[in-house]
Amino acid sequence: MEEWRRQFPLRAHGCRLLNQFGQHFKLAGVNWYGASDSFHVVGGLDARPLSELCHAVAAMGFTVVRLPFSSEMLRVERVPPGAIDYVQNKDLEGLSPLQVYDRVIEELGAAGVTVIINNHTTVGAWSGGVELNGMWFRDQCKVYTEQSWIDDWVMMAKRYEDHPEVIGYDIRNEVRPTSMMGPSPRWGNSSPVYDWSRAAGSCARALMDANAPGLVVVERIAWPQNSLREMLNPKPPWEAWQVPRDRIVLAVHMYAWSGPGAWSPKHFMPGVLRSFFDVVDYVGARSLYGEMSQEALEEQMDKDFGFCIDEDICPVWLSELGCSLDTELEWFTKVCQYLDKKDVDFAYWPLNVGPKPGGSDDEAYGILTNDWQPRWADPRLQALRRLCPQAVLPSPKKAQTRRPLQLPARARADSGSLSPFHLNVTPNVTPVASPSCFGQVDEPLWGAPFPWCQPLPGPLVPWPSSTSLKEMPEARYIWKVLEGVDSDPGKDALTVRCDDLEAVKELCIRRHFGGFVLHEGYAYFRLSSPEGLLMRQQPGYPKTVLYVAEEVRLCGMWQQVEPLESFDTPAGSFKASGDVICLPLSDEHPEAALEACQRACLEAQKPGFVMHDFASACLMEPNEAEDLRTRLENGQWKRCSEASDAGIYLLEPKPFYVGVDMFKDMDAFPGSDARVLKGRFGIARCREICIQEGFAGFAIQNGVARFRSAAAAVLRERMVVSKGSVFYILTTREVIPEEGTHATSASLDQVLTKLWSPTQAVVNGSKLQHKVQACDNLTDEEVIHL
């Protein structure tokens, strides 16, 4: 860790930031707010231990945290009740908000993450729109003056001068008007009181005079949002302020609802005023960023700040950008493509989830689960991780059938600047494994050795003899057939006349129904879950057969094995001949080391591995794994009841039923919607989304499904009464072919014979495939002849 800290402080060289070894250090960051708000401490301390939160930031691949604080926080002596769970954060008890802020910085540094501290607000409150936190001072206030703001910065710089992980000072967030009719800040304004250039220069010089080691980050004026050329003319700030050029970083913020020159407060206004400013922007030919095409957006970003990179003028930090999942994801993807093309420094807003401080609105931009865990399947987090300068897991040399995972060229060249949690990889030598949470994120979901959707006990793996290894493995089904039975009679989502049972089954799965009823040549489909259909089954329906589709998924499980003591074959005598995995992790991270081996095993499509210690492991070849299984069947070896860290591990795929538990008039984390699904849909469709995107539950109310991202166990603990809502939590149970059968390849074969595959059903006949495709555009209540 000391070696990592020796690379600081950073200095600007043209448009790039270099460490003390002359290597590029990319600001790939995230905002973690809370200390700038009414609680005066970072969010999440009421949900998880501080150290876990900080290491989660590192695990997601971020190199820097923009850490907002308020001027008021520096003067508050006590943390408000409810802001911290002192059972989980006992060492924070009795500390002032500033002392808690100290601990956050220390823990982030211990996790290998740098910090840029940011004066976000004057008084601790949620900041947005036209309000009193718009300026760096308060008009006619003797406490929060411009000089006290500068003095606060000098104090903070001295406080953290011995913390190399504090690499910069973002001196003020989003400078903007404090009232609709009041004065507006300007860059180089003739009125010195509201001249942001003059004030920022005074603060920068004071920090230089105090020998502050960090970078000085200066944001453009938020409203209106003009090009950075305004800040560079007639003189660039380092010349105008007479400070070293290599200490200044310019910063911008971007959201879909903001735009060039637009008076962005209209986003916060009621309809009539919003319409007025829409007309003003229309007349001025100004569009919001979210309204632009890819070409127009990139052209505008070039005008706003990209020219600084193209012309190698100075570093630019896009220190805030964020989006919701429902309406802004397409825009966010466009921005990320530009950031990747230009290799732009960034910080996503925000890490936080849950209600915003001081209000009831939920944080729609957050990238964690409801219980403050990384939500790996979040497409925003996946996009951000592609931009992070992190080492990834190369495919073993013998695995030529899969896309190789290689370290991006710029990250490879700059690997010396990476934290100890980012791995220095030399291509085409010995494969290096990283914890799964640091790897590439565009591989299939099943390629990660952690459950993407709890309570699945392991990652999804391909079915035996699967022809597709790059798509997420399909679900297979066991059909329950109940004669003389109906369920939800009269609630027909779709009616089809067909004498081809296989076609009916395929249509049921394709349209995400829970099952169907056959009666006199007609199939009546049901939207309810299989569990609900079975629970509400009613006998007494002659000539009627109820078909219920129970979903089955194949999960990868690792079983540690060892020889019996009666046989003179120590575990150390077993040698695997596959590729070697280097594990640059200490014994302080046993779970991460084991997870790295599991990931390598899946990536290389190998049946097991031998983990010698925390420095290296070796993948097995298929014949070696088969030899071990033979020894197990012969009683020479045994499965370990309790796995240790080092040892021999076999990959043993196991099939699991995937279902749901239903809770009427209940919800968990109400308002914290990770995704919203509207329209006509079945429970099977919601369950599929959960598995694909990493949700463990969802609430349905008034025909709308709202997905929750916390683990299943947490959702059960946090359920509350919610009238009119039905809450569903995913469940799993192992598919056992016969009572007392052990998990072996033979038992898996027994299960496979009972499973129905929709893909195989289509493959078995083009006539059947044509029948089902003809139904793709069916409407509800429509009767179709197949």
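About the thresholds
- Residues numbered from 1 in each chain as written.
- Predicted model: local features only at pLDDT ≥ 70, side-chain atom pairs only at ≥ 80, totals over all residues.
- Heavy atoms only, no water.
- Pairing = 2+ DSSP bridges.
- Helix = DSSP H or I, 4+ residues; strand = E, 2+ residues; numbered from the N terminus.
- Axes fitted to C-alpha atoms, helices over the stretch in contact; angles between N-to-C directions.
- Contact = heavy atoms within 4.5 Å.
- Buried < 20%, exposed > 50% of the residue type's maximum accessible area, 1.4 Å probe, protein only.
- Right-handed = clockwise from strand over helix to strand, strands pointing away.
- Phe/Tyr/Trp six-rings, centres within 6.5 Å; stacked < 30°, edge-to-face > 60°.
- Lys NZ or Arg CZ within 6 Å of the ring centre and 35° of its normal.
- pLDDT = per-residue confidence, 0-100.
- Core = buried A, V, L, I, M, F, W, Y, C linked by side-chain atoms within 4.5 Å.
- Expected span 1.5 Å × (residues − 1).
- Polar contact = N/O pair within 3.5 Å; in protein donor to acceptor, adjacent residues only side chain to side chain.

**Q** Help me out: how do you make sense of the sheet that holds strand 9 (residues 316–321) in this one?
**A** Remark on secondary structure: sheet strands pair via backbone hydrogen bonds, oriented parallel or antiparallel. With parallel pairing, eight strands are arranged side by side around a closed barrel as 3-4-5-6-7-8-9-10. On average, each strand axis in the sheet is tilted by 30° relative to the strand beside it, whichever way the strands run. Set on the sheet, helix 10 (residues 329–342) makes contact with strand 8 (248–254), strand 9 and strand 10 (345–348); between it and strand 9 the angle comes to about 165°.

**Q** In this structure, what is going on with helix 2 (residues 50–59)? I would like to understand it.
**A** Each turn of an α-helix holds 3.6 residues, which means side chains three or four residues apart point in the same direction. Among the ten residues in helix 2, seven count as buried, and that is most of the element. Residues Leu50, Leu53, Cys54, Ala56, Val57, Ala58 and Ala59 constitute the buried set of helix 2. Gly61 lies just past helix 2 and shows a positive phi near 100°.

**Q** How should the pairing of strand 4 (residues 64–70) be read in this particular structure?
**A** One face of the sheet, then the other: side chains in a regular strand alternate in exactly this way. In terms of burial, strand 4 is largely enclosed, as seven of its seven residues are buried. Burial along strand 4 is two-sided: the face carrying Val64, Arg66, Pro68 and Ser70 and the face carrying Val65, Leu67 and Phe69 are both buried. Pairing of strand 3 (residues 28–31) with strand 4 involves three bridges; the strand directions are parallel. Bridge pairing in strand 4 links Val30 to Val65. Following the backbone out of strand 3, through helix 2 and into the adjacent parallel strand 4, one traces a crossover that is right-handed. Here strand 4 pairs with strand 5 (residues 114–121) via seven bridges, running parallel. Note that in strand 5 the partner of Pro68 across the bridge is Asn118. Crossover handedness for the path strand 4 to helix 3 (residues 97–110) to strand 5: right-handed.

**Q** Quick question: what am I supposed to make of the packing of aromatic side chains here?
**A** Between two aromatic rings, the relevant description is the distance of the centres plus the angle of the planes. Going through the model one piece at a time under the given rule, you end up with 29 aromatic pairs. Between Phe69 and Trp153 the ring centres are 5.5 Å apart and the planes differ by 70°, which places this aromatic pair in the edge-to-face class. In this pair, Phe69 is assigned in strand 4 and Trp153 in helix 4 (residues 146–159), connecting sequence segments 84 residues apart. For the pair Phe69 and Trp153, a shared accessibility class is recorded, and that class is buried. Ring geometry for Phe698 versus Phe707: centroids 5.6 Å apart, planes at 45°, classification tilted. Classification of Phe698 as buried rests on a relative accessible area of 0%. An aromatic cluster is defined as three or more aromatic residues linked by ring pairs; in this entry it consists of Trp479, Phe513, Phe516, Phe525, Tyr547 and Trp756. The ring of Phe307 has Arg229 sitting right over it, with the charged end atom 3.8 Å from the ring centre. Note that Arg733 overlies the ring of Tyr657, its terminal NZ or CZ placed 4.0 Å from the centroid.

**Q** Would you explain the pairing of strand 8 in this entry?
**A** Buried residues dominate strand 8, accounting for seven of its seven residues. Going residue by residue along strand 8, you find Ile248, Leu250, Val252 and Met254 tucked away on one face and Val249, Ala251 and His253 tucked away on the opposite face as well. Direction of pairing for strand 7 (residues 215–219) relative to strand 8: parallel, over a ladder of four bridges. Residue Val217 lies in a different strand from strand 8, and its bridge partner there is Val249.

**Q** What exactly am I supposed to notice about the confidence of the model for the protein chain here?
**A** Regions with low pLDDT should not have their predicted coordinates read in detail. Mean pLDDT for the protein chain: 82, with 80% of residues reaching 70 or above. Note on residues 776–786: pLDDT under 50 across the span, and 28 contacts to partners over four residues away in sequence or across chains.

**Q** Would you explain the sheet that holds strand 19 (residues 580–582) in this entry?
**A** Taken in spatial order, the six strands line up as 19-21-20-23-18-22 in an open sheet, and their pairing is antiparallel. On the outer flanks of this sheet lie strand 19 and strand 22 (637–639), each paired with one strand and no other. Adjacent strand axes in the sheet meet at a mean angle of 30°, parallel and antiparallel pairs treated alike. Two strands pair when backbone bridges link them, and strand 20 (residues 608–611) and strand 21 (residues 616–619) are joined in this way by three bridges, in the antiparallel orientation. Bridge pairing links Met611 to Ala617 in strand 21. Where helix 16 (residues 622–633) meets the sheet, its contacts fall on strand 18 (558–563), strand 21, strand 22 and strand 23 (647–651), and the angle it forms with strand 23 comes to roughly 100°.

**Q** For this particular structure, what's the right way to read the nonpolar core?
**A** For soluble globular proteins, the rule of thumb is that nonpolar side chains tend to be buried together. Counting 115 residues, the largest nonpolar core has Trp32, Tyr101, Ile117 and Trp196 as its most contacted members. Top element by residues in this core is helix 5 (residues 196–209). It accounts for eight residues. Every residue in contact with Tyr101, bar those within four places of it in the chain, is listed here: Ala35, Leu67, Pro68, Phe69, Met73, Ile117, Asn118, Met156 and Tyr160. Judged by nonpolar contacts, the second largest core, of 26 residues, contains Ile478, Trp558, Leu651 and Leu752.

**Q** So what exactly am I meant to see when it comes to helix 5 here?
**A** Compared with an ideal rise of 1.5 Å per residue, which puts 14 residues at 20 Å, helix 5 spans 20 Å between its outermost C-alpha atoms and is within 8% of the ideal. The element helix 5 is extensively covered by neighbouring structure, given that ten of its 14 residues are classed as buried. The residue sitting at the N-terminus of helix 5 and contributing the capping side-chain oxygen is Asp195; that oxygen lies 3.0 Å from the backbone nitrogen of Ser197.

**Q** Is there a simple way to explain the side chain of Glu550 in this structure?
**A** Inspection of the secondary structure assignment puts Glu550 in strand 17 (residues 544–555). Take Glu550: its relative accessible area is 10%, and that puts it in the buried class. Those residues within four positions of Glu550 in sequence are excluded, and the remaining contacts are Arg476, Tyr477, Ile478, Lys480, Leu534, Tyr657 and Arg733.

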